[in-house]
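For reference, the chains in residue letters:
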Amino acid sequence: MNHSNISVQDICTIGLCTAVIAIMAQISIPMPAGVPMTMQTFAITLAAIILGAKKGAAAALIYVLLGAAGVPVLAGFTGGYQYLIGPTGGFLLSFPIMAYIIGFGAEKFRRINMGFLTFLILGTFINYIGGIVMFCLVTGSSVWAAFTACVLPFIPTAVIKAALATIIGLRIHRRLVSAACV
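Draft legend 1. Fine view of the pattern of salt bridges. Tallied over the full model, the rule gives 1 salt bridge. Between D10 and K55 there is a salt bridge whose closest N-O contact spans 3.0 Å. A residue pair is termed long-range when its members are at least 10 positions apart, and D10 in helix α1 (residues 8-25) and K55 in helix α3 (residues 53-68) qualify at 45 residues.

Draft legend 2. Region of interest: unusual backbone geometry. Not every positive phi belongs to a glycine, and F77 is a case in point at roughly 50 degrees. The class of F77 is exposed, set by a relative accessible area of 61%. At R110, a position not held by glycine, the phi torsion is positive, near 50 degrees. With respect to the secondary-structure elements, R110 resides in the loop between α4 (89-109) and α5 (114-139).

Draft legend 3. Seen up close, the nonpolar core. If you look at the biggest cluster of nonpolar residues, it comprises 34 residues, and the most contacted ones within it are I21, I44, Y63 and F95. At the level of secondary structure, the elements contributing two or more residues to this core comprise α1, α2 (40-51), α3, α4, α5 and α7 (155-181). The element best represented in this core is α2, accounting for 9 residues. Other than its neighbours up to four places away in sequence, Y63 contacts T18, I21, A22, A25, Q40, V73, L74, A75, L92 and F95. In this structure, I132, F135, A146 and A158 belong to the second largest nonpolar core, which totals 13 residues.

Draft legend 4. Examining the packing of α2 against α3 more closely. At a minimum axis separation of 6 Å, α2 and α3 run at an interaxial angle of 145 degrees. Of the two elements, α2 crosses α3, and the hand of that crossing is right-handed. Here α2 contributes Q40, I44, A47, A48 and L51 to the contact with α3, which in turn contributes A53, K55, G56, A59, A60 and Y63. For the contact of α2 with α3, a count of residues per class yields 8 nonpolar, 2 polar and 1 charged.

What counts and how
- Residues numbered from 1 in each chain as written.
- Predicted model: local features only at pLDDT ≥ 70, side-chain atom pairs only at ≥ 80, totals over all residues.
- Heavy atoms only, no water.
- Salt bridge = Lys/Arg side-chain N within 4 Å of Asp/Glu carboxyl O.
- Helix = DSSP H or I, 4+ residues; strand = E, 2+ residues; numbered from the N terminus.
- Buried < 20%, exposed > 50% of the residue type's maximum accessible area, 1.4 Å probe, protein only.
- Core = buried A, V, L, I, M, F, W, Y, C linked by side-chain atoms within 4.5 Å.
- Contact = heavy atoms within 4.5 Å.
- Axes fitted to C-alpha atoms, helices over the stretch in contact; angles between N-to-C directions.
- Left-handed = near helix turned anticlockwise from the far one by under 90°.
- Nonpolar A, V, L, I, M, F, W, Y, C, P; charged D, E, K, R; others polar.

Take a look at the structure:
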């Protein structure tokens, strides 16, 4: 995505996806270990599938930068760089990478198959690794403690969110492509 290839539609869809991520972050359920269950990963996956690798990563990066700058777009209408260096900051920091990987798979395959699912799982795995690493660094927890607090309780909902984001994202992408061709 360089300046000569970015269209008004690209700018608008990146902005809209960034806004969707911010809105979905507000759907948050506190959990006992301090890592809330949010709809951010749903929105990151959705943006990646709709926009592809570079533009999906751009939407995720803009979201993270807005949050770091203090704009209250993070879960619980919070913002500030301290959330990026806190126990759950690894999840936030890995969002652009997650979006790029999932978006790359979506661009390459544009349908649900083993290739696409591999990138979807890899992107989610990278997000979990980022979350575990930061949680361990900040809290001094073991990897197992971080895994049981940050990943294990979220696996069932992660599967559901990924499936829904895939179904919805592929449909929206097809409509955007067909609208651009008209």
